[in-house]
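This is what each chain is made of:
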Amino acid sequence: MATTIEPWLREILRCPNCLSELADGTTAEGTPELVCTNTANTACGLAYRIEDGVPVLLIDEARKPR
Ligand SMILES: [Zn+2]
């Protein structure tokens, strides 16, 4: 199952919570997700799931860092 995001879209995506860049990650279920790179001060670090190649950049829907 290939779930890729368009490169141009991937470039401009930012965390809606803190506007930091997003890194590619994988959920516990093995599906791709985008993870906020702002983990230095533990202020954010939210992870956003990707549904059908479309990142769900909703803070309410995001997975909180452990
Ligand atoms: Zn963030």
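Described in the following lines is the structure provided in the data block. If you're wondering where the values come from, they're calculated on a predicted model, not measured in any experiment. (Residues numbered from 1 in each chain as written. Predicted model: local features only at pLDDT ≥ 70, side-chain atom pairs only at ≥ 80, totals over all residues.)

Time to look at the overall build of the chain. Looking only at helices and strands, one finds one helix and four strands in the chain. Reading the secondary structure of the chain in the N-to-C direction produces α-β-β-β-β. Rg of the C-alpha trace for the chain: 11 Å, near the compact-globule value of 11 Å for 66 residues, within the 12% margin. For the C-alpha atoms alone, the extent of the chain along its principal axes is close to 35 × 25 × 20 Å. The burial tally for the chain puts 17% of its 66 residues in the buried class. (Helix = DSSP H or I, 4+ residues; strand = E, 2+ residues; numbered from the N terminus. Rg over C-alpha atoms; globule rule 2.2 N^0.38 Å. Buried ≥ 20, exposed ≤ 12 C-beta atoms within 10 Å, placed from the backbone.)

For the rest of this paragraph, the subject is the pairing of strand 3 (residues 47-51). Where strand 2 (residues 32-36) meets strand 3, three bridges bridge the pair, whose relative direction is antiparallel. Paired with Val-35 across the bridge in strand 3 is Ala-47. Bridge analysis of strand 3 against strand 4 (residues 54-55) gives two bridges, and the strand direction is antiparallel. Directly across from Ile-50, in strand 4, lies its bridge partner Pro-55. Turn length for the strand 3-strand 4 hairpin, with the two strands adjacent in sequence and antiparallel, is two residues, and the turn residue Asp-52 shows positive phi of about 50°. (Pairing = 2+ DSSP bridges.)

Right, let's get into unusual backbone geometry. One non-glycine residue, Leu-19, adopts positive backbone phi at about 65°. Mapping Leu-19 onto the fold places it in the loop between helix 1 (7-12) and strand 1 (22-26). Phi at Asp-52 is positive, roughly 50°, even though this residue is not glycine. Inspection of the secondary structure puts Asp-52 in the loop between strand 3 and strand 4.

Turning to the environment of Asp-24, a few remarks are in order. Within the element layout of this structure, Asp-24 appears in strand 1. Overall, Asp-24 belongs to the exposed group, with 11 C-beta atoms counted inside 10 Å. Put simply, Asp-24 and Thr-37 are 13 residues apart on the chain and 9.6 Å apart in space, counted from C-alpha to C-alpha. What Asp-24 contacts, discounting residues up to four positions off in sequence, is Pro-32 and Leu-34. (Contact = placed C-beta atoms within 7 Å.)

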